[in-house]
Amino acid sequence: MTRRAVIRGVGHYLPERVVENAEFEKTLDTTDEWIKSRSGIERRHFAQDGDTTSSMATKAAEHALADAGLQISDIDAIVLATSTADLTFPSAATMVQHQLGMTHGFAFDIQAVCAGFIYALANANALVTSGQANRALVIGAETFSRIMDWSDRSTCVLFGDGAGALIIEAQEGNGTSADSGILATDLNSDGRYRELLYVDGGVSTGTTGYLRMQGNQVFRHAVAKLAATAHTSMERAGVTADEIDWIVPHQANIRIIQGTAKKMNLPMEKVIVTVQDHGNTSAASIPLALSVGKARGQIKPGDLLVTEAIGGGLAWGSVVMRW
Ligand code: ACO
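So, how was this worked out
Residues numbered from 1 in each chain as written. Predicted model: local features only at pLDDT ≥ 70, side-chain atom pairs only at ≥ 80, totals over all residues. Heavy atoms only, no water. Near = heavy atom within 4 Å. Polar contact = N/O pair within 3.5 Å; in protein donor to acceptor, adjacent residues only side chain to side chain. Areas by Shrake-Rupley, 256 points an atom, 1.4 Å probe, with all protein chains shown as cover. Helix = DSSP H or I, 4+ residues; strand = E, 2+ residues; numbered from the N terminus. Nonpolar A, V, L, I, M, F, W, Y, C, P; charged D, E, K, R; others polar. Core = buried A, V, L, I, M, F, W, Y, C linked by side-chain atoms within 4.5 Å. Buried < 20%, exposed > 50% of the residue type's maximum accessible area, 1.4 Å probe, protein only. Domains from an automatic or database assignment. Contact = heavy atoms within 4.5 Å. Pairing = 2+ DSSP bridges.

1. Notes on the site of the ligand
Line of reasoning, step 1. Around the ligand, the structure places 27 residues, and the nearest of them are Thr 30, Arg 38, Cys 114, Arg 153 and Asn 253.
Line of reasoning, step 2. A distance of 3.0 Å is found between an oxygen atom of the ligand and a side-chain nitrogen or oxygen belonging to Arg 255.
Line of reasoning, step 3. Contact with the protein chains covers 75% of the free accessible surface of the ligand, which is 1,000 Å².
Line of reasoning, step 4. Secondary-structure elements contributing two or more residues to the shell around the ligand are helix H2 (32–39), helix H6 (153–156), helix H7 (215–237), helix H8 (254–263) and strand E12 (304–311).
Line of reasoning, step 5. At 4 residues, the largest contribution of residues to the shell around the ligand is made by H7.
Line of reasoning, step 6. Class assignment for the residues of the shell around the ligand results in 14 nonpolar, 9 polar and 4 charged.

2. Examining the nonpolar core
Here is a general trend for soluble globular proteins: nonpolar side chains tend to be buried in one another's company.
Line of reasoning, step 1. Ranked by internal contacts, the top residues of the largest apolar core, which has 46 residues, are Phe 24, Met 264, Val 306 and Val 320.
Line of reasoning, step 2. For this core, the leading source of residues is H7, giving 8 residues.
Line of reasoning, step 3. Of the domains in this structure, domain 1 (2–173) and domain 2 (181–322) are the two that each give at least three residues to this core.
Line of reasoning, step 4. Setting aside residues no more than four positions away along its own chain, Val 320 makes contact with Gly 181, Ile 182, Leu 183, Ala 184, Ser 233, Met 234, Ala 237, Val 239, Leu 304, Leu 305 and Val 306.
Line of reasoning, step 5. Of all hydrophobic cores here, the second largest spans 37 residues; its members include Ile 118, Leu 121, Leu 290 and Ala 315.

3. Considerations on the pairing of strand E6 (residues 135–143)
Line of reasoning, step 1. Across the 9 residues that make up E6, a large majority, 8, are buried.
Line of reasoning, step 2. Inspection of the sheet shows strand E4 (residues 77–81) paired to E6 by 5 bridges, in the parallel sense. Considered in E6, the bridge of Leu 80 is made with Ile 139.
Line of reasoning, step 3. Bridge count between E6 and strand E7 (residues 161–173): 9 bridges; the pairing is antiparallel. Across the sheet, the residue bridging to Ala 136 is Ile 168, located in E7.

Pasting the structure below:
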């Protein structure tokens, strides 16, 4: 028998304020047509005054708990992926722990920018399969609107805010690719590419800073690295592309999503796409897509999923799981 981390529940939260592409035409030299055709994004949600990364994460976690039919007392660990924690410290995860009324177990943040949820899920899987935790809340939550330079049309039209949460639980499996739950993970990073995507603030500058991105350079790395990591995870899981029911990609750009699916020899009918409605929500984008994919009736129990992401670092990775 093999100890597996199976999926028990999923949920998400999006702030109420929706901003259509046309809004940016009022303040920037841009068009709805440019944004849509270059990125696939049509609208995004932005946090309002009362919304923080931890408050949105808490709401997503509450929805995941309701979906699983569990109470917060049933959870031993919270792993929260974010690059936009409310404060430098304590972690957003411990704020969520408090907001959920959890006074046992442990909570911590993971920072791998847009690959954050993949890193969080891989780490939570290791905690559950090693016996350190029995049930973990794995959350991706971001307020990238607070690190946007609103005068930079090449970045501020691309990002959005939101949160998604997944609950994983220990269960015995047979150790085969027919098992439910997380079957394989693959993590990578390469710090040589720091200048391609970073925030120009932090404790060394005394400012929060703004996101800076050489989008076309990131694009150049994305498709090849995403297809390669997906291939590695599938090989580790012992599954082939024709067995995959859904690719659940990081939602940064429809052209990256299409290019990666093509490189994996899978049709777009097998891809969960939410980028048009959410924009790039960084670490929140994959759990948001999982939750929306389930709510739409696309992802069903027993489905085989591969999920992949790349972002600042560069950091990238993938997870293969059976829902
Ligand atoms: N409206 C109109 N024109 C624009 C806009 C805009 N909003 N933004 C840029 N342009 C212009 C540029 O100035 C440039 O003009 P020029 O040729 O006169 O210099 C032209 O459009 C082309 O710019 P590119 O950057 O080459 O455009 P590209 O086709 O590469 O699309 C995009 C840009 C959408 C950013 C794309 O490169 C992309 O999606 N990159 C990957 C982003 C990503 O995946 N990031 C990783 C995750 S994010 C994270 O980790 C936080």
